[in-house]
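Structure assessment
This is what each chain is made of:
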Amino acid sequence: MKKSFLILVSTLTLGIALPALAGPDFQVIEKARKAQQVAAAERRTDLLSGKGSPDCPPPPLVLPLDHGPRALTTPGETRWRKARYEEQLKACKNMPS
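Okay, so let's go over this structure. From a predicted model like this one, the values you see are computed outputs, not experimental measurements.

Considerations on the overall build of the chain
Within the chain, the secondary structure is distributed over 3 helices and 0 strands. When the helices and strands of the chain are listed from N to C terminus, the series reads α-α-α. With 97 residues in all, the chain has 5% of them scored as buried. Expressed as a percentage of contacts within the chain between residues at least 6 apart in sequence, the contacts between residues at least 24 apart total 44%. Total accessible area on the chain stands at roughly 8800 Å², and carbon and sulfur atoms take up 64% of it.

Written out as structure tokens, the structure is:
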């Protein structure tokens, strides 16, 4: 009884641990790499042809804390970031579709 239980536990442990020891799936890695290259090439052609930008509209503006004892930035830097964000929005509105 003890021997059969030990064999069963050892088999289950090996069965569970075996996939962790398997190597990487190179076919999946190569397929993802090629898809990424194709997507990058499409973005480059879109940018060169003027069809649009992947950054339009820009992500929402998130500003770090600029006041108090644990401020992460300065009020001047906050104004600079806001102005830059507004320029990006304006550039997106002026971009031909």
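Notes on the pattern of salt bridges
Under the counting rule described, the total for this entry stands at 2 salt bridges. Notably, a salt bridge pairs E30 with R33, separated by 2.9 Å at the nearest N-O pair. Of the two residues, E30 and R33 both sit in helix α2 (residues 26-49), 3 residues apart, roughly one turn of that helix. A salt bridge links E77 to R81; the nearest nitrogen and oxygen atoms lie 2.8 Å apart. Taken as a pair, E77 and R81 lie in helix α3 (residues 75-94) at a separation of 4 residues, close to a single helical turn.

As for the side chain of T73
Along the chain, T73 falls in the loop between α2 and α3. Taking the relative accessible area as the measure of exposure, T73 reaches 10% and is therefore buried. The contacts of T73, once residues within four sequence positions are left out, are P64, L65, D66 and T78.

Brief notes about a nonpolar patch on the surface
Among the surface-exposed residues, F5, L8, V9 and L12 lie close enough to one another that they form a single nonpolar patch of about 390 Å² accessible area. Residue position: F5 is located in helix α1 (residues 2-21).

Here is what the cut-offs are and how they apply
Residues numbered from 1 in each chain as written. Predicted model: local features only at pLDDT ≥ 70, side-chain atom pairs only at ≥ 80, totals over all residues. Heavy atoms only, no water. Helix = DSSP H or I, 4+ residues; strand = E, 2+ residues; numbered from the N terminus. Buried < 20%, exposed > 50% of the residue type's maximum accessible area, 1.4 Å probe, protein only. Contact = heavy atoms within 4.5 Å. Areas by Shrake-Rupley, 256 points an atom, 1.4 Å probe, with all protein chains shown as cover. Salt bridge = Lys/Arg side-chain N within 4 Å of Asp/Glu carboxyl O. Patch = residues over 30% accessible without salt bridge, like charges linked within 9 Å, V, L, I, M, F, W, Y side chains within 5 Å.

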